[in-house]
Every structure is written in C-alpha cells, then in structure tokens.
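Survey of secondary and tertiary structure
Chain by chain, the residues:
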Amino acid sequence: MRLTDTVEVWTLDGAGATTYSYSSTHPANVSYQLTELQQEPGRTDLLEELRAIVQLQEWDSNTMRIKWDGRMFYSDGPALIRRRNGRTHHLTIPLRYV
C-alpha cells in the first residue's frame, strides 16, 4: 500500500486539559470514501466520509487528533483495525473537521 500523504498526530496535554501538543508525524493516505448505511430494510443511503489510513500505531480516539493539510481533525468513531494474511496491517481512522 502506498501512503502518499503525511499527517501530524496531536495529543491532549493531560487529564482535564483542553489544549493539544504536537506528538509525531506519520505517512498516511487521506481520502474521501463512500460508505453504505442501511437506515431500514429496503432503504440504503450512501455517505461520503473522510478517512485516514495510517501505519499501525497506538491510537486513542479520546485524546488524539490528526492535523492534515493545515486543518485539525478528530476521530469520528473508533479506529478500524485492518488485517491481511492473519496479521494486523494498518488502521483506518474516520475523520471529522474540528
């Protein structure tokens, strides 16, 4: 998999803090993906969602944010762990603009 973008990971400064500080830089692939959402039987909606595919790392959706293209994003749900050939390969993180 080719990771063509670069993202910065920012971490919450401490318990009860409201500010974030720079943590590290990682290669990534950030793009919009279509997601199918079944609202009720027989009705399916399509949702365009921004996702970041990053190398395997520790990820806490509550305390970490991603800065990409000069804008800060937070995780819009849990990070999805992707596996290939029985081994963990990468994380897919749904993003929402702060």
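Up top you'll find the structure we're talking about.
The structure reproduced in this document is the subject of the present report. (Residues numbered from 1 in each chain as written. Predicted model: local features only at pLDDT ≥ 70, side-chain atom pairs only at ≥ 80, totals over all residues. Heavy atoms only, no water.)

Moving on, we get to the nonpolar core. Where a protein is soluble and globular, its nonpolar side chains tend to be buried together. Val30, Ile66 and Leu95 are the most contacted members of the largest nonpolar core, which totals 15 residues. Mapped onto this core, the elements with two or more residues apiece are β1 (5-12), β2 (20-40), β3 (43-55), β4 (64-68) and β7 (87-97). Ignoring any residue separated from it by four or fewer positions in sequence, one finds Leu95 in contact with Val30, Leu50, Arg51, Ala52, Ile66, Phe73, Tyr74 and Asp76. (Core = buried A, V, L, I, M, F, W, Y, C linked by side-chain atoms within 4.5 Å. Buried < 20%, exposed > 50% of the residue type's maximum accessible area, 1.4 Å probe, protein only. Helix = DSSP H or I, 4+ residues; strand = E, 2+ residues; numbered from the N terminus. Contact = heavy atoms within 4.5 Å.)

The backbone of Asp69 shows a phi angle near 55 degrees, a positive value even though the residue is not glycine. Along the chain, Asp69 turns up in the loop between β4 and β5 (71-75). With a phi close to 55 degrees, Asn85 is a non-glycine residue in the positive phi region. Within the secondary structure layout, Asn85 lies in the loop between β6 (80-84) and β7. By relative accessible area, which is 80% here, Asn85 ends up exposed.

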